[in-house]
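Chain residues, written in single-letter form:
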Amino acid sequence: GGARTVLPRPFALWRGLRYILPPASGCNQRHYEVMIGEFCQAKFRLDMTGLERNAWCSWPKTMKIYEELTNCTHQVALKMDCFWPNGVVDDFFMQIHRDYFSDCALTGRLPHDPPIGILAPFIAVPVLITLLMTAAVVWRSKRTEGVL
């Protein structure tokens, strides 16, 4: 007979699995990018131009439009057998933010401390436990000194 090529075991296993397992995704990412641009971004652009430019930074006024954009990218992904979210969606939303929200101040969106009524117990309880544990250790060590 002829010479037979022997594949390394891991490669042979992978080669066999590719026939058994379904492909990871049937998504054509370039086509997905075009579709969300034509359908989702076009509607978003139309909706945003319906608002006055000074209202673009108002979350209550843009929330519904933004949610519709997010939902649109998700629905297109489902129809095209693409994972969602994905890198194309990330880049898409980064561009949306550069185009429409880059001039918006961060006020109201920055993290801030909770009210003192909520914050105080989270500070007081660990401090009290630490003091009580320290007192218990000192008391216990004084009590056992006389036994030794």
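Cut-offs applied
Residues numbered from 1 in each chain as written. Predicted model: local features only at pLDDT ≥ 70, side-chain atom pairs only at ≥ 80, totals over all residues. Heavy atoms only, no water. UniProt positions renumbered as here; feature names shortened; annotations may be inferred. Helix = DSSP H or I, 4+ residues; strand = E, 2+ residues; numbered from the N terminus. Salt bridge = Lys/Arg side-chain N within 4 Å of Asp/Glu carboxyl O. Buried < 20%, exposed > 50% of the residue type's maximum accessible area, 1.4 Å probe, protein only. Axes fitted to C-alpha atoms, helices over the stretch in contact; angles between N-to-C directions. Parallel < 35°, antiparallel > 145°, perpendicular 65-115°, else oblique. Left-handed = near helix turned anticlockwise from the far one by under 90°. Contact = heavy atoms within 4.5 Å. Core = buried A, V, L, I, M, F, W, Y, C linked by side-chain atoms within 4.5 Å.

A. Inspection of the UniProt feature "transmembrane region" (unreviewed entry) in the protein at higher detail. UniProt marks residues 116-139 with the feature "transmembrane region" (unreviewed entry), using the numbering shown here. Annotated as 100% helix and 0% strand, the span residues 116-139 places its first and last C-alpha atoms 33 Å apart.

B. Layout of the pattern of salt bridges. If you walk through the whole model with that rule in mind, you get four salt bridges. Residue E33 is joined to R30 by a salt bridge in which the shortest nitrogen-to-oxygen separation is 3.1 Å. Remark: R30 and E33 occur in helix 2 (residues 29-49); sequence separation between them is three residues, near one turn of the helix. Residue class for E33 comes out partly exposed when judged on its relative accessible area of 40%.

C. Structural view of the packing of helix 2 against helix 4 (residues 87-101). Interaxial distance between helix 2 and helix 4 falls to 11 Å at its minimum, and their mutual angle equals 30°. Taken as axis vectors, helix 2 and helix 4 run roughly parallel relative to one another. Our pair here, helix 2 against helix 4, has a crossing hand that is right-handed. Judged by residue contacts, Q29, Y32, E33, I36, Q41, F44, R45 and M48 of helix 2 engage V88, V89, F92, I96, D99, Y100 and F101 from helix 4.

D. How the structure looks around the nonpolar core. Y32, F44 and F101 are the most contacted members of the largest nonpolar core, which totals 23 residues. Of all the elements in the fold, those that place two or more residues in this core are helix 2, helix 3 (59-79) and helix 4. Among the elements that make up this core, the one with the highest residue count is helix 4 (seven residues). Those residues within four positions of Y32 in sequence are excluded, and the remaining contacts are C27, T73, V76, A77, M80, C82, W84, N86, V88 and V89.

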